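A structural walkthrough
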Amino acid sequence: MCKVSIYCLIDPVSQQIRYIGKSNNIAKRYLGTWNIKIKEGKRKDKWIKSIIKKGLKPEVEIID
């Protein structure tokens, strides 16, 4: 059985939690966020792209 982890993405400027998700491989999921395609209506994707354009990356924190 795979262990599923709950994680959050934190804005590096405001230090506010912007997204909460789950994954059974946090490292793979975190690295994969930098190669996302902006999907219409996906605020999370637009937010991540805007952070990357500033030369920053969201911080990740494992919650559970």
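On a predicted model such as this, the values are computed, not experimentally measured, just so you know. (Residues numbered from 1 in each chain as written. Predicted model: local features only at pLDDT ≥ 70, side-chain atom pairs only at ≥ 80, totals over all residues. Heavy atoms only, no water.)

Some remarks on the side chain of Asp11
Considering the arrangement of structural elements, one finds Asp11 in the loop between strand E1 (5-10) and strand E2 (17-23). The contacts of Asp11, once residues within four sequence positions are left out, are Gln16, Arg18, Trp47 and Ile51. (Helix = DSSP H or I, 4+ residues; strand = E, 2+ residues; numbered from the N terminus. Contact = heavy atoms within 4.5 Å.)

Quick notes on the packing of aromatic side chains
Where two aromatic rings form a pair, the distance of their centres and the angle of their planes describe that pair. For the coordinates displayed, the defined rule picks out 1 aromatic pair. Sitting over the ring of Tyr19, Lys44 keeps its end group 4.7 Å from the ring centre. (Phe/Tyr/Trp six-rings, centres within 6.5 Å; stacked < 30°, edge-to-face > 60°. Lys NZ or Arg CZ within 6 Å of the ring centre and 35° of its normal.)

Remarks on the sheet that holds E1
Pairing is antiparallel across the open sheet formed by 3 strands, whose spatial order is E2-E1-E3. Each edge of the open sheet carries a strand with a single partner, namely E2 and strand E3 (59-62). Between one strand axis and the next, the sheet turns through 25° on average, direction left out of account. Direction of pairing for E1 relative to E3: antiparallel, over a ladder of 4 bridges. In the sheet register, Tyr7 faces E3, and the bridge partner there is Ile62. (Pairing = 2+ DSSP bridges. Axes fitted to C-alpha atoms, helices over the stretch in contact; angles between N-to-C directions.)

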